[in-house]
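Take a look at the letters that make up each chain.
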Amino acid sequence: MQISIKTHLLYSAEQPCDLLLQIEAVTDAEQDCTGTEFAIQPEVASRIVQGEEQVGQRRWIHVERSFECLYQTCVLVDRQALELGTLHATPLPLIPGDVTKFLMPSRYCNPSDFITFSQRRFGVEPGGEVVIAMSEWIKRNFIYDNGASDSSTNAIDSFTKRRGVCRDYAHVLISMARAIGIPARFVSAYAPDVVPQDFHAVAEVYLGGQWHLVDPTGMAQVSEIVRIGIGRDAADVSFMTSYGRMELINQSIQVSRLG
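Reading the values: rules and limits
Residues numbered from 1 in each chain as written. Predicted model: local features only at pLDDT ≥ 70, side-chain atom pairs only at ≥ 80, totals over all residues. Heavy atoms only, no water. Axes fitted to C-alpha atoms, helices over the stretch in contact; angles between N-to-C directions. Helix = DSSP H or I, 4+ residues; strand = E, 2+ residues; numbered from the N terminus. Left-handed = near helix turned anticlockwise from the far one by under 90°. Contact = heavy atoms within 4.5 Å. Nonpolar A, V, L, I, M, F, W, Y, C, P; charged D, E, K, R; others polar. Expected span 1.5 Å × (residues − 1). Parallel < 35°, antiparallel > 145°, perpendicular 65-115°, else oblique. Pairing = 2+ DSSP bridges. Phe/Tyr/Trp six-rings, centres within 6.5 Å; stacked < 30°, edge-to-face > 60°. Buried < 20%, exposed > 50% of the residue type's maximum accessible area, 1.4 Å probe, protein only. Salt bridge = Lys/Arg side-chain N within 4 Å of Asp/Glu carboxyl O. Core = buried A, V, L, I, M, F, W, Y, C linked by side-chain atoms within 4.5 Å.

Caption draft 1: The packing of helix H3 (residues 128-141) against helix H5 (residues 166-179), seen in detail. Relative to each other, H3 and H5 sit at 145°, their axes nearing to 10 Å. Where H3 crosses over H5, the handedness of that crossing is right-handed. Note on element contacts: H5 touches H3 through Tyr169, Val172, Leu173, Met176 and Ala177, opposite Val131, Met134, Ser135, Trp137 and Ile138. Here the residues of the contact of H3 with H5 sort into nine nonpolar, one polar and no charged.

Here it is, written out as structure tokens:
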């Protein structure tokens, strides 16, 4: 599937500051980007660094008073979605060292808050069927509400309110999965059919020795998700982290299928 992405950011700064930008689609075995354009106004040099887990890239940019960024690309997504329900959890002692961290608490996801609920509701035998049940439970029981959360909202806050945006849905699923011994991590992404159009957030779970995408909002198909970056939770993959106060003037994301 070919996915067209057009992103426009326009911000102002109260005073000169540095920011870390992560909005560019990953190029890897599953995603091939062509026709990419990236422009910053006023024109300034940017320093590219690798994203978390060496997935994707970030840019350090110095801003004086205003910041405008135009990014567009066409991504060919070649991802075979396996039947999640057929996959088994990797026994805990066999989980690779670099995956183990995704069982642990992180800034927004504390699995210990969900142990009792997850075990009572979904059982203690981890596997793909349990992940599907968790994702479906979140989709059925949560209300998508743009005003229900902010940058301080964590998974248990969202669970208590039963509402939030995509990042909150992902945080709850990640916490539930970790609570029963399934490594899970946060994925920033683009996807068509996301309403309202914006940067999207989904989860990845480690089953059968591999990572697999899951969208608890139900808005994105695995075969159409364009990954930007990964992390323990949203704190690791914010699309923009500014080291100074920035004010939003305009932001638009357009994601569509090309065939």
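Caption draft 2: The arrangement of H5 in detail. Counted at 1.5 Å a residue, the expected span for H5 with its 14 residues is 20 Å, and the 20 Å between its end C-alpha atoms agrees. Of the residues trailing H5, glycine 181 is marked for its positive phi of about 90°.

Caption draft 3: Spatial organisation of the packing of helix H2 (residues 115-122) against H3. Orientation of H2 relative to H3, taken along the N-to-C sense of each, is 105°, at an axis distance of 11 Å. In terms of axis orientation, H2 runs roughly perpendicular to H3. Touching Phe117, Ser118, Arg121 and Phe122 of H2 are Val130, Ala133, Met134, Trp137 and Arg140, all from H3. Here the residues of the contact of H2 with H3 sort into six nonpolar, one polar and two charged.

Caption draft 4: View of the sheet that holds strand E3 (residues 31-41). If you walk across this open sheet you meet the four strands as E3-E6-E1-E14, and the pairing is antiparallel. The open sheet terminates on both sides in strands that have one partner only, identified here as E3 and strand E14 (246-257). If you compare each strand with its neighbour and ignore which way they point, the axes differ by 10° on average. Bridge analysis of E3 against strand E6 (residues 66-77) gives nine bridges, and the strand direction is antiparallel. The residue bridging phenylalanine 38 from the neighbouring strand is tyrosine 71, located in E6.

Caption draft 5: The arrangement of the packing of aromatic side chains in detail. Evaluated as defined, the whole model comprises 14 aromatic pairs. Between phenylalanine 199 and phenylalanine 239, the aromatic rings sit 4.6 Å apart at their centres with planes inclined by 20°, giving stacked as the arrangement. Taken together, the residues span a long stretch of sequence, with phenylalanine 199 in the loop between strand E9 (184-190) and strand E10 (200-207) and phenylalanine 239 in the loop between strand E12 (226-231) and strand E13 (240-242) at a distance of 40 residues. Owing to a relative accessible area of 23%, phenylalanine 239 belongs among the partly exposed residues under this scheme.

Caption draft 6: Inspection of the sheet that holds strand E5 (residues 57-63) at higher detail. Spatially, E4-E5-E2-E13 is the arrangement adopted by the four strands of the open sheet, whose pairing is antiparallel. The sheet is open, and its two borders are formed by strand E4 (46-50) and E13, each paired with just one other strand. Ignoring which end each strand starts from, the neighbouring axes of this sheet average 20° apart. As judged from the five bridges shared by E4 and E5, these two strands associate in the antiparallel manner.

Caption draft 7: Structural context of the pattern of salt bridges. In total, this model carries 14 salt bridges according to the counting rule given. Note that lysine 139 and glutamate 136 form a salt bridge whose closest N and O atoms lie 3.3 Å from each other. Taken together, the residues span about one helical turn, with lysine 139 and glutamate 136 both in helix H3 at a distance of three residues. The exposure class assigned to lysine 139 is partly exposed, which follows from its relative accessible area of 34%. According to the relative accessible area criterion, glutamate 136 is partly exposed, its value standing at 32%. If you follow the salt bridges from partner to partner, you end up with Asp28, Arg185, Glu204 and Arg227 in one network.

Caption draft 8: View of unusual backbone geometry. Proline 42 follows glutamine 41 through a cis peptide bond whose omega is -10°. By the element assignment, proline 42 lies in the loop between E3 and E4. Residue proline 196 follows valine 195 across a cis peptide bond; omega there is -5°. By secondary structure assignment, the location of proline 196 is in the loop between E9 and E10.

Caption draft 9: Geometry of the nonpolar core. By size, the foremost hydrophobic cluster in this structure holds 34 residues, and its most contacted members are Ile138, Val172, Met176 and Val205. Among the elements of the structure, H3, helix H4 (155-161), H5, E9 and E10 are those that each provide at least two residues to this core. Per-element tally for this core: the top contributor is H5, with nine residues. For valine 172, the contacting residues outside a window of four places in its chain are Phe114, Ile138, Phe142, Ala155, Ser158 and Phe159.

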